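The chain contents come next:
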Amino acid sequence: MAMPIGSKRDDEMPSTPSSHHDSDFKRSSSHLRSGREAFGKVIRSWASKKFMTGCVILLPIAITFYTTWWLIQFVDFFSPIYFQIGINIFGLGFVTSISFIFLVGVFMSSWLGASILRLGEWLIKQMPFIGHIYNASKQISSAISPDQKTQAFKEVVIIRHPRLGEYAIGFITSTLVLQSYSADEELCCVFIPTNHLFVGDIFLVSSKDVIRPNLSVREGIEIVVSGGMSMPRVLSIMQRESTQLNRSQSSRS
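Positions within a chain are numbered from 1, following the residues in the order the chain's sequence is written. Since the coordinates come from a predicted model, pLDDT governs what is reported: local features require at least 70, and pairs of side-chain atoms require 80 or more to be given and counted, while whole-chain, interface and lining totals use all residues. As a rule here, side-chain values cover all heavy atoms of the structure and leave hydrogens and water aside.

- In the nomenclature of an unreviewed UniProt entry, the protein chain is known as Protein LIKE COV 1-like of Rhynchospora tenuis.

Laid out in structure tokens, this is it:
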């Protein structure tokens, strides 16, 4: 079909000022939209970081207060007695409970108290099921006992485990002597926590291969409970271990 002379196609028509205005408006609106999205992302990122910072600060404080309040309620076993006799004084039951626990510790440290405690333990151990529960509970409490004679964790050590170049932190629970025809060897019973402080593996390691860092039992327990976050940046070996290492290096040379 013949096209009329002097006519032009639509794509060849010259652009009008209104079309330029529409394109500029679309570009400005797209820039404005992208700017709003970028600003929104920045605000969300800033708000999420500040929220997580608040959680990190408040979470240990809340756990500390909740644990302390639970411990106070757990130890305060004299308040119901005072409530039954009509004495309502805030904190009196807790102070009485703390004083009672202190007096029990003083009495059980004496010869008479130790004799009564041994007699009571003997009676409890004669019971079939209760005796096992008491033994397990006593072992758990002995792990944090301040008495070195009854303390389950004697000292904090480091052993080479599970392979060469890797180390594990553990606690010495006892020592023994391995008798053989050639010579006797001193072994350390090392407890390595795996999933919990009182759940782990037991290794018999030669006392010569045990590394003794400058850590107390309390610091070792804090390291295990915190998942290693309270581990000091620098660990130094105690004099006994460093002397053994120097001897081994001189013998090799």
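Digging into the pairing of strand β2 (residues 167–178)
- Bridge count between strand β1 (residues 155–160) and β2: six bridges; the pairing is antiparallel. Each bridged residue has a counterpart across the sheet, and for E155 the counterpart in β2 is I172.
- By the convention used here, strands pair only if DSSP detects at least 2 bridges between them. In this description a helix means any DSSP run of H or I spanning at least four residues, a strand means any run of E spanning at least two, and both kinds are numbered starting from the N terminus. Once β1 ends, the chain turns through six residues before running back antiparallel as β2, passing G165 with a positive phi of about 95°.

A few points about helix α3 (residues 92–108)
- Helix span is expected to be 1.5 Å times the residue number reduced by one. Helix length check: α3 (17 residues) gives 24 Å between terminal C-alpha atoms against 24 Å at 1.5 Å per residue, within 8%.
- Each residue is placed in one exposure class: buried if its accessible area under a 1.4 Å probe, protein chains only, is under 20% of its type's maximum, exposed if it is over 50%, and partly exposed if it falls in between. Turning to α3, its buried residues are G93, T96 and S97. Taken down its axis, α3 places every buried residue within 100° of arc, on the same side. Among the exposed residues of α3, those oriented more than 90 degrees off its buried face are V95 and F102. Working definition: the arc comes from the directions between the helix axis and the C-beta atoms, pointing outward to the latter.

Remarks on the UniProt feature "transmembrane region" (unreviewed entry) in the protein chain
- UniProt positions are given in the numbering used here, feature names are shortened, and annotations may be inferred rather than shown by experiment. With numbering matched to this structure, UniProt assigns "transmembrane region" (unreviewed entry) to residues 51–72 and 92–117.
- For residues 92–117, helix accounts for 92% and strand for 0%, while the C-alpha atoms at its two ends are 28 Å apart.

Looking at the pattern of salt bridges
- In what follows, salt bridge is the name for a side-chain nitrogen of Lys or Arg lying within 4 Å of a carboxyl oxygen of Asp or Glu. Applying the stated criterion across every chain, the model contains two salt bridges.
- Residue R212 is joined to E155 by a salt bridge in which the shortest nitrogen-to-oxygen separation is 3.3 Å. In this pair, R212 is assigned in the loop between β4 (199–206) and α6 (217–225) and E155 in strand β1, connecting sequence segments 57 residues apart.
- Judged by relative accessible area, R212 falls into the buried class, the value being 5%.
- R218 is paired through a salt bridge with E222; the nearest N and O atoms lie 2.9 Å apart.

Notes on the side chain of D76
- Here D76 shows up in the loop between α1 (17–75) and α2 (79–84).
- His is not counted here, nor are the chain ends, while Lys and Arg score as positive and Asp and Glu score as negative. It is R218 that comes nearest to the buried, bridge-free D76 among opposite-charge side chains, at 27 Å.
- Once residues lying within four places of it in the same chain are set aside, the contact partners of D76 are G93, F94 and S97. We call two residues contacting when some pair of their heavy atoms lies within 4.5 Å.

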